Amino acid sequence: MDPQKEARTPRDLVARPPASRSQTPKEEERRESGEAPAAALGEEADDSADGLWELPVEPAERRPECSRCSRPQKVCLCPFLPVHPLHISTYLYIIQHPAEALFLTTLTNPILWKRGLCLQLWSSIAPVGESKVLRTVPLLAACLPQDKCKVKIGRRFSEERDPELSTVCRKSGTLILYPGAEAANLEEFILDSPIYPSTIIIIDGTWSQAKDIFYKNSLFRLPKQVQLKTSISSQYVIRAQPTNRCLSTLECAAVALSILEKNNYIQETLLRPLQALCSFQLQHGAQIRLSKEHLLKNGLYPKPMPKNKRKLRKMELLMNSVKI
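Residues numbered from 1 in each chain as written. Predicted model: local features only at pLDDT ≥ 70, side-chain atom pairs only at ≥ 80, totals over all residues. Heavy atoms only, no water.

1. Here we look at the side chain of glutamine 96
The cut-off we apply is this: Only DSSP runs of H or I with at least four residues qualify as helices, and only runs of E with at least two residues qualify as strands; both kinds are numbered from the N terminus onward. Contact definition: two residues touch when any of their heavy atoms are within 4.5 Å.
Structurally, the position occupied by glutamine 96 is in strand S1 (residues 91-96). When sequence neighbours within four positions are dropped, the list of residues in contact with glutamine 96 reads Arg135, Val137, Val151, Lys152, Ile153, Gly154 and Asp204.

Here's what the structure looks like:
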């Protein structure tokens, strides 16, 4: 027996369809005109696609970032930051949701790229990555001393995972800024408190992410819960907010620190880079985003009203300016 005939590949062993099968009129036209059958075209496309996964993966080059404001160097906001970090006595802890860190890990994972999974995930996580240069926490940290502003990334915290944060939460002089029925007005609280607050904790994330972090971490029940009662509207106009009274993380920190430090200059200084950020984005195609409350009240909400009763009730509360 001929060795060449004996050494057959597994593909040769697959049963092939009989050659005398009936052909559709379109297939006959392709055969007469000399075009390749659709099945053959599909096989060639699959073979070429298979070859793509064998190519070496090269991580995408990122734009050089400023070491201080964490913005791309071409759009650095350092001219709007204070020359020297602000002198404050209050310790600020930012509890940041890890969604942005997850985005960066996913896009730089060569295994996911090779399997084509990143292409499938892109549509759902791309908005998170695109908003990376619009985050306010790096601007906030750049304005404050490193030993006074600490960022903790995560969703779950405990004494075993983070002894430092556990110790901070157990101190009598620690506050956590989170709105709610049990939260005291910060300005009124510091007037009556026998111990003046030395530390404040702020959660950074979307409203649903902040809610998840606050209610699913028992450590955050230990500090006194406070909230801001202010009439100012958010200047972070390139991001939509649920209501007109909702503030960004940087704005919350600016107002809270100015109250605790009894210094309005702190609020003005911290808001300056945020104003510059929004101005720059608006000049380059961004649009002013109105709050959901404003859109509902003025009949401008573009989406249909939800059928879920709980969500519909929330919409009605927003329209009637009832605090949720």
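Once the structure has been displayed, the description carries forward.
2. As for the sheet that holds strand S6 (residues 224-227)
Across a sheet, paired strands are connected by hydrogen bonds in the backbone, their directions being either parallel or antiparallel. What counts here: When DSSP finds two or more bridges between two strands, those strands count as paired. Each axis is a line fitted through C-alpha atoms, taken for helices only over the stretch in contact, and angles between the N-to-C directions span 0 to 180 degrees.
Taken in spatial order, the six strands line up as S2-S1-S5-S3-S6-S4 in an open sheet, and their pairing is parallel. At either margin of the open sheet sits one strand with a lone partner, and together these are strand S2 (149-153) and strand S4 (184-185). Here six bridges tie S1 to strand S5 (residues 199-204), and the two strands are oriented parallel to one another. Across the sheet, residue tyrosine 93 finds its bridge partner in S5, namely isoleucine 201. Lying on the sheet, helix H12 (residues 249-261) is in contact with S1, strand S3 (174-177) and S5; it crosses S5 at an angle near 165°.

3. Comments concerning the packing of aromatic side chains
Here a ring pair, both rings aromatic, is described through the centre-centre distance and the interplanar angle of the planes. Operational definition: Planes of paired rings set the category: under 30 degrees apart is stacked, over 60 is edge-to-face and the rest tilted, where pairs are Phe, Tyr or Trp rings (Trp by its six-membered ring) whose centres lie within 6.5 Å. Remark: exposure states derive from per-residue accessible area (1.4 Å probe, protein chains only) relative to the maximum for the residue type, with buried under 20%, exposed over 50%, and partly exposed in between. Our definition puts a charge over a ring when NZ of Lys or CZ of Arg is within 6 Å of the ring centre and also within 35 degrees of the ring normal.
Within this structure, the stated rule accounts for four aromatic pairs. Where phenylalanine 157 meets phenylalanine 220, the ring centres are 5.9 Å apart and the plane angle is 55°; that geometry is what we call tilted. Of the two residues, phenylalanine 157 sits in the loop between S2 and helix H9 (163-170) while phenylalanine 220 sits in the loop between helix H11 (207-215) and S6, which places them 63 residues apart along the sequence. Overall, phenylalanine 157 belongs to the buried group, its relative accessible area being 9%. Ring geometry for phenylalanine 214 versus tyrosine 215: centroids 5.1 Å apart, planes at 85°, classification edge-to-face. We classify tyrosine 215 as partly exposed; its relative accessible area is 44%. Across from the ring centre of tyrosine 91, 4.0 Å away, lies the NZ or CZ of lysine 148, which sits over that ring. Positioned above the aromatic ring of phenylalanine 214 is the side chain of arginine 221, whose terminal nitrogen or guanidinium carbon lies 5.2 Å from the ring centre.

4. Here we look at the nonpolar core
For clarity, the cut-off: For this analysis, a nonpolar core means a set of buried residues of the types Ala, Val, Leu, Ile, Met, Phe, Trp, Tyr and Cys, connected via side-chain atoms within 4.5 Å.
Membership of the largest hydrophobic core comes to 43 residues, with the highest contact counts inside it found for Leu92, Leu140, Leu144, Leu186 and Leu270. Elements represented by at least two residues in this core include exactly S1, helix H8 (137-143), S3, helix H10 (186-192), S5, H12 and helix H13 (264-283). The residues contacting leucine 144, other than those within four sequence positions of it, are Pro85, Leu86, Ile88, Leu92, Cys149, Leu257 and Leu270. Among the nonpolar cores identified, the runner-up in size contains 15 residues, and Val168, Ile201, Phe214 and Leu219 belong to it.

5. Overview of the environment of glutamate 251
Relative to the helices and strands, glutamate 251 is located in helix H12. For glutamate 251, a relative accessible area of 3% gives the class buried. Spatially, the C-alpha atom of glutamate 251 lies 8.4 Å from that of tyrosine 236, the residues being 15 residues apart in sequence. Other than its neighbours up to four places away in sequence, glutamate 251 contacts Ser234, Gln235, Tyr236, Leu271 and Leu274.

6. Quick notes on the confidence of the model for the chain
Selection rule: Looking at any residue, its pLDDT shows the predictor's confidence there, from 0 to 100.
Here the chain shows a mean pLDDT of 78. Residues at 70 or above account for 68%. For the chain, the element scoring lowest by mean pLDDT is helix H7 (residues 117-130), at 41; S3 scores highest, at 98. When the criterion is pLDDT under 50, residues 3-16 qualifies, and its contacts beyond four places in sequence or with other chains add up to three contacts. With pLDDT under 50 throughout, residues 103-130 is counted as low confidence; its partners more than four residues away or in other chains account for 24 contacts.

7. Structural notes on the pattern of salt bridges
To keep things clear, this is the line we draw: One side-chain nitrogen of Lys or Arg within 4 Å of one carboxyl oxygen of Asp or Glu is enough to make a salt bridge.
Here the structure, examined in full by the defined rule, presents seven salt bridges. A salt bridge links lysine 150 to glutamate 164; the nearest nitrogen and oxygen atoms lie 2.9 Å apart. Here lysine 150, found in strand S2, pairs with glutamate 164, found in helix H9; they are 14 residues apart in sequence, far enough to count as distant. For arginine 156, the salt bridge goes to aspartate 212, with nearest N and O atoms at 3.1 Å. Here arginine 156, found in the loop between S2 and H9, pairs with aspartate 212, found in helix H11; they are 56 residues apart in sequence, far enough to count as distant. Under the relative-accessibility criterion, arginine 156 is labelled partly exposed at 29%.

8. Section: unusual backbone geometry
At serine 70, a position not held by glycine, the phi torsion is positive, near 60°. Among the secondary structure elements, serine 70 is positioned in the loop between helix H4 (38-53) and S1. In the Ramachandran plot, lysine 262 falls in the positive-phi region, its phi being about 55° despite a non-glycine side chain. For lysine 262, the position within the fold is in the loop between H12 and H13.

9. Looking at the side chain of threonine 90
We count it as follows: What qualifies as a polar contact is a pair of N or O atoms within 3.5 Å, subject to a donor-acceptor requirement within protein and to the restriction that residues adjacent in sequence count only when both atoms come from side chains.
With respect to the secondary-structure elements, threonine 90 resides in the loop between H4 and S1. Judged by its relative accessible area of 2%, threonine 90 falls in the buried class. Side-chain polar atoms of threonine 90 contact the side chain of glutamate 261, separated by 2.5 Å. If we ignore the near neighbours within four places in the chain, the residues touching threonine 90 are Lys148, Ser198, Thr199, Ile200, Leu257, Leu260 and Glu261.

10. Looking at the packing of H12 against H13
Short version of the rule: Orientation is classified from the angle alone, with under 35 degrees giving roughly parallel, over 145 giving roughly antiparallel, 65 to 115 giving roughly perpendicular, and any other angle giving oblique. With the far helix as reference, a near helix turned anticlockwise by less than a right angle produces a left-handed crossing, and one turned clockwise produces a right-handed crossing. Only Asp, Glu, Lys and Arg are considered charged, only Ala, Val, Leu, Ile, Met, Phe, Trp, Tyr, Cys and Pro nonpolar, and every remaining residue, Gly among them, polar.
Where H12 contacts H13, the two axes come as close as 7 Å, and the packing angle between them is 165°. Taken together, the axes of H12 and H13 are roughly antiparallel relative to one another. For the element pair H12 and H13, the recorded crossing hand is right-handed. Residues Leu250, Glu251, Ala253, Ala254, Val255, Leu257, Ser258 and Glu261 of H12 form the contact with H13, whose own contacting residues are Asn264, Ile266, Gln267, Leu270, Leu271 and Leu274. For the contact of H12 with H13, the class distribution of residues is nine nonpolar, three polar and two charged.

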